[in-house]
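Structural characterization, general
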Amino acid sequence: MKNLMKRFLLACLLTIGLLGAQWPGAAYAQTTTANVLVLYDAPPNDQYTKLGFAYSIMLRNLLGHFNTNVTLAPVSSYTAGNVENYQATFYLGSYFDNAIPPAFLADVTTTSKTVVWFKYNLWQVAWDASYGFTARYGFTFAGLRGLSTAPTSSNPTPDFFDTVTYKNQNMVKYYAFDASTGVVSADPDIGVTTVSDVTKASALVTIKDSKTGEQAPYVMRAGNFWYFADMPLSYIGPRDRYLVLCDLLHDILGTNQPVLHRALVRLEDVNAFTTTSSMKSLTDYLYSKRIPFSIATIPLYQDPLGAYNGGVALTVHLAQATGLKQSLNYALARGGKVLMHGYTHQYNSTPNTENAVSGNDYEFWLKTQNRAVDEDSVQWASGRLSAGLQEFKSNGYTPFAWEAPHYQSSPLAMKAVPPLFKTTYQRAVYYTSDTPDLNSTAPNHDFSVGQFFPYIIKSDYYGQRIIPENLGNIEYNICSIDPFSCLSYTWSDLYTNAQYALVVRDGFASFFFHPFWLEPDLGTPGLQDFKSLVEGITGLGFSWVAADTVQ
């Protein structure tokens, strides 16, 4: 077992600390590939040189949901007139007062193409009268607002604009303060704007200071120009304003997407020692509801240190796993579909991070040292994926998708996936280099970012097609039995996440569940909570679909 809730939360956070007139060709992105430019800050020789690139990768991934061809480039490389080569240009202002080329500032105020600006540096065009920004777009830029005061041990949570309201949901921005170190983990800054001409501009979404009640525009639109007051790609979560961006991309790109809410369920870490009784109980329930489901299966079980076998190393191939095959066959006859969840879901005999047992540890990333494994290469990863596929094939199974153990692989390992699997079913961690050094503190060091998706990504940064998992998983605090499982995440927490998922017009409610929570010796209400969650999601109006056929 493992504390997956902790990893779920970490995967949602960066590893650093409404409608209206469409842009020309309203349904254009649905029928023709839209060329999109993403510009990002990359100040040289700085600790945040690559942070803007990390954000651009995240935005590029979201744009992979649409019919787009995306170009990523530092804003410093911009040349005059380049916006005219793209249907939409996004600028990610992540670095305070980063120098913006005058050519870009001039083009912003003259082009008829869509321009989307995030957070910082709008003052460079809005406060320079020569550009005529306010006259063109009908709103003013007042300045930045952040924490009302520096946090202290006696006042750890000063007020700031922390709550975005969208489609009747209040989305509270992530904030944490460590009084012992003085470190604030948050993105409190916003750019404050005001409509000056209601015939030209409107605030589509608002943000407020929950302590004072003061409000400001969060998303401002003026014809072809959009402004997001902060960076919605920072500190993301399932109830976060990140979902506003995910949804509004439909309007920005003019997709005319109708409302379509679907649900997915996946049984997780199914392996040679998953009991047939737990699998049968879950299968029978889902079959009774006519709900299709997926089974994330580990084809080769390894316990090289004998952690669960009296100190004696144990390997169980799929051919030897009689109970597992019985469970799979039973499920396949009742709406289940198999996907491959790692080859061994662990890394040789190295505890990584727990005890080197399949299902517990990372396989394609050395989590204990936050780096790629020594053997890391496309060829090495491809060999493991191919070996896993052979385990399935020789036993009569064909996995429809891949899921990385704990959602984390190296960049090279992820590049090995698309040639072997047309689809993945997961979240993912992305990097600013193919050979990232995440432990460096030198200027220009690499970043990694974890990202979940509310909808299908046709092609992500590494070329993977991704079926989303966006709600998380039920967890119980069983510290007395397993010191690695000490957090709780209830079915009602996931149900709340599903309510937020409804704000995305084609958003999914997708979760996973570990069959071992049904084991009597754990003493959890696993089956009842599973049923409550399924019934709750159904009651919200989501339609259950099969992951292997979903488009």
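This one's a predicted model, so the numbers in the text were calculated from it and none came from an experiment.

The subject of this paragraph is the sheet that holds strand E6 (residues 161–166). Spatial strand order, E2-E1-E3-E4-E13-E12-E11-E6-E7: nine strands in an open sheet with mixed pairing. The outermost strands of the open sheet, each flanked by one partner alone, are strand E2 (68–74) and strand E7 (169–172). Averaged over all pairs of adjacent strands, the angle between their axes in this sheet comes to 25°, without regard to strand direction. Across six bridges, the pairing between strand E11 (residues 202–209) and strand E12 (residues 215–222) is antiparallel. Within E12, the position partnered with Ala-203 by the bridge is Met-220. Docked against the sheet, helix H7 (residues 242–253) engages strand E1 (34–40), E2, strand E3 (88–93), strand E4 (114–119), E6, E7, E11, E12 and strand E13 (225–228), running at close to 175° with respect to E13.

Taken as a whole and assessed by the stated rule, the structure comprises 19 salt bridges. Where Glu-469 meets Arg-427, a salt bridge forms, and the shortest distance between an N and an O atom there is 2.9 Å. Separated by 42 residues along the polypeptide, Glu-469 in the loop between strand E23 (466–467) and strand E24 (472–473) and Arg-427 in the loop between strand E20 (424–425) and strand E21 (428–431) bring together distant segments of the chain. For the pair Glu-469 and Arg-427, a shared accessibility class is recorded, and that class is buried.

A large share of strand E15 (residues 293–297) lies buried, amounting to five of its five residues. Because side chains alternate across E15, one face comprises the buried residues Phe-293, Ile-295 and Thr-297, and the other comprises Ser-294 and Ala-296, equally buried. Relative to E15, strand E14 (residues 262–270) runs parallel, the two sharing three bridges. Paired with Val-270 across the two strands is Thr-297, which belongs to E15. The β-α-β motif built from E14, the intervening helix H8 (residues 276–288) and the parallel element E15 has right-handed crossover chirality. One ladder, built from five bridges, connects E15 with strand E18 (residues 336–341); its direction is parallel. Across the sheet, the residue bridging to Phe-293 is Gly-336, located in E18.

Moving on, we come to the state of the cysteines. Overall, the coordinates contain one disulfide when judged by the stated rule. Note that Cys-479 is cross-linked by a disulfide to Cys-486, the S-S spacing being 1.7 Å. Residues Cys-479 and Cys-486 are joined through a disulfide that is right-handed, its torsion about the S-S bond being 130°. Given a relative accessible area of 35%, Cys-479 falls into the partly exposed group. A relative accessible area of 23% places Cys-486 in the partly exposed class.

Calculation criteria
- Residues numbered from 1 in each chain as written.
- Predicted model: local features only at pLDDT ≥ 70, side-chain atom pairs only at ≥ 80, totals over all residues.
- Heavy atoms only, no water.
- Pairing = 2+ DSSP bridges.
- Helix = DSSP H or I, 4+ residues; strand = E, 2+ residues; numbered from the N terminus.
- Axes fitted to C-alpha atoms, helices over the stretch in contact; angles between N-to-C directions.
- Contact = heavy atoms within 4.5 Å.
- Salt bridge = Lys/Arg side-chain N within 4 Å of Asp/Glu carboxyl O.
- Buried < 20%, exposed > 50% of the residue type's maximum accessible area, 1.4 Å probe, protein only.
- Right-handed = clockwise from strand over helix to strand, strands pointing away.
- Disulfide = S-S within 2.5 Å.

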